[in-house]
Amino acid sequence: MKLLGISGSPSTPSKTLLLVEAVVGHARSSEPNVDASVVNLRDRDVILSDGRDPADYEGDTRAVIDEVVAADALVVGTPMYRGGYTGRLKNLFDVLPNDALEGKPVGIVATGGSDHHFLAIEHELKPLVGFFRAYPVPGAVYAHDGHFAGGEISDEGIVHRTRQLAGTLVEFASRMPRTLYGADGPAIPRRFLRDS
């Protein structure tokens, strides 16, 4: 099973990256057949979406698209800024093919300065994952500044929840057929509007 972690944080050091790495690490150590890796979007040159066919991207953009498509399950993480996820993460979803996540379980982790943005997971990230006909795994992990100290996750409750999320992702990906992803959405053609 191929598990891909994605951190959409622009910061270094990054609490979001720590959470993503924790979930991926727990999955890797709990199940020997898990091939797990992490993409830190801050370190990758994913160009801004310009509406082209995803197959036409090159370089880092192409490489990240290919990693997402090849994954059987994903952990997606972002800091919450003003109640929303980062532009880096939004751009990644803009360049992905519409079928890149079909039938895949996706664990969500998010960070913020306080608990104020916890519900953005439910109102923004889970619908985004659902658009791609993937399965947002119940029980997302949200952590705020008080859950970290010395560049590490210091709260045992958060550590326990990252372990739970990892276990659920591995179990879900190993048991659920990838062909179950619901009904097709409406066909919406892309058009370029030109000045007459």
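As the structure is a computational prediction, the values presented were derived from the model and not from experiment. (Residues numbered from 1 in each chain as written. Predicted model: local features only at pLDDT ≥ 70, side-chain atom pairs only at ≥ 80, totals over all residues. Heavy atoms only, no water.)

1. What to know about the overall build of the protein
- Along the protein, the regular secondary structure elements total five helices and eight strands.
- Taken over C-alpha atoms, the radius of gyration comes to 17 Å for the protein, in line with the 16 Å a tight globule of 196 residues would show.
- Going through the 196 residues of the protein one by one, you find that 45% of them count as buried.
- Split by element, the accessible area of the protein, about 10400 Å² in all, is 52% carbon and sulfur.
- Across the protein, the 20 positively charged side chains and the 26 negatively charged ones have centroids separated by 2 Å. (Helix = DSSP H or I, 4+ residues; strand = E, 2+ residues; numbered from the N terminus. Rg over C-alpha atoms; globule rule 2.2 N^0.38 Å. Buried < 20%, exposed > 50% of the residue type's maximum accessible area, 1.4 Å probe, protein only. Areas by Shrake-Rupley, 256 points an atom, 1.4 Å probe, with all protein chains shown as cover. Lys, Arg positive; Asp, Glu negative; His and termini not counted. Charge placed at Lys NZ, Arg CZ, Asp CG, Glu CD.)

2. Details of unusual backbone geometry
- Pro13 follows Thr12 through a cis peptide bond whose omega is -5 degrees.
- Along the chain, Pro13 falls in the loop between β1 (2–7) and α1 (15–30).
- Phi is positive for Arg82, close to 55 degrees, though the residue is something other than glycine.
- Relative to the helices and strands, Arg82 resides in the loop between β3 (73–79) and α3 (87–95).
- Note on Arg82: relative accessible area 84%, which makes it exposed.

3. Considering the nonpolar core
- Core analysis: the largest hydrophobic core is formed by 33 residues, its most contacted members being Val68, Leu74 and Leu89.
- Among the secondary structure elements, those contributing two or more residues to this core are β1, α2 (59–70), β3, α3, β4 (105–112) and α4 (120–131).
- With five residues, α4 is the largest single contributor of residues to this core.
- Residues contacting Leu74, with those up to four places away along its chain left out, are Leu3, Leu4, Ile6, Val68, Leu101, Lys104, Pro105, Val106, Gly107 and Leu169. (Core = buried A, V, L, I, M, F, W, Y, C linked by side-chain atoms within 4.5 Å. Contact = heavy atoms within 4.5 Å.)

4. Quick word on empty space enclosed by the protein
- One pass over the full model with this rule turns up one cavity of 30 Å³ or more.
- Within this model, the largest cavity holds a volume of roughly 40 Å³.
- As for the largest cavity, its lining consists of Ile6, Val68, Leu74, Val76, Leu92, Phe93, Leu96, Leu101 and Val106.
- Of all elements in the fold, only β3 and α3 reach the threshold of two or more residues within the lining of the largest cavity. (1 Å grid on protein atoms, 1.4 Å probe; cavity = no way out; pocket = protein on both sides within 12 Å on 5 of 7 lines; lining within 4 Å. Points joined across faces, edges and corners; volume = space filled by probe spheres on them.)

5. Observations regarding the side chain of Thr86
- Secondary-structure assignment places Thr86 in the loop between β3 and α3.
- Of the polar contacts made by the side chain of Thr86, one reaches the backbone oxygen of Gly8; its length is 2.7 Å.
- Excluding residues that lie within four positions of it along the chain, Thr86 makes contacts with Gly8, Pro10, Thr78, Pro79 and Tyr81. (Polar contact = N/O pair within 3.5 Å; in protein donor to acceptor, adjacent residues only side chain to side chain.)

6. Side note on the packing of aromatic side chains
- Enumeration over the complete set of coordinates arrives at four aromatic pairs.
- Measuring from centroid to centroid gives 5.3 Å for Tyr135 and Phe172, while their planes differ by 45 degrees, and the two rings are tilted. A residue pair is termed long-range when its members are at least 10 positions apart, and Tyr135 in strand β5 (residues 135–136) and Phe172 in helix α5 (residues 156–175) qualify at 37 residues.
- Every member of this aromatic cluster is reached through a ring pair, and the members are Phe93, Phe131 and Phe132. (Phe/Tyr/Trp six-rings, centres within 6.5 Å; stacked < 30°, edge-to-face > 60°.)

7. So, α2
- Along its 12 residues, α2 runs 17 Å from first to last C-alpha, staying within 8% of the 16 Å computed at 1.5 Å per residue.
- Looking at α2, one finds that the buried residues are Thr61, Val64, Ile65 and Val68. All buried residues of α2 project into a common sector of 100 degrees when viewed along the axis, lining one side.
- Looking at the buried positions of α2, the neighbouring elements they touch are β1, β2 (35–40), β3 and α3. (Expected span 1.5 Å × (residues − 1). Arc of directions from axis to C-beta.)

8. Remarks on the pattern of salt bridges
- Scanning the entire structure with this criterion turns up 10 salt bridges.
- Note that Arg175 and Glu171 form a salt bridge whose closest N and O atoms lie 2.3 Å from each other. Of this pair, Arg175 and Glu171 both sit in helix α5, four residues apart, which is roughly one turn of that helix.
- For Arg175, a relative accessible area of 66% translates into the label exposed.
- By relative accessible area, which is 37% here, Glu171 ends up partly exposed. (Salt bridge = Lys/Arg side-chain N within 4 Å of Asp/Glu carboxyl O.)

Geometry only, nothing functional implied.
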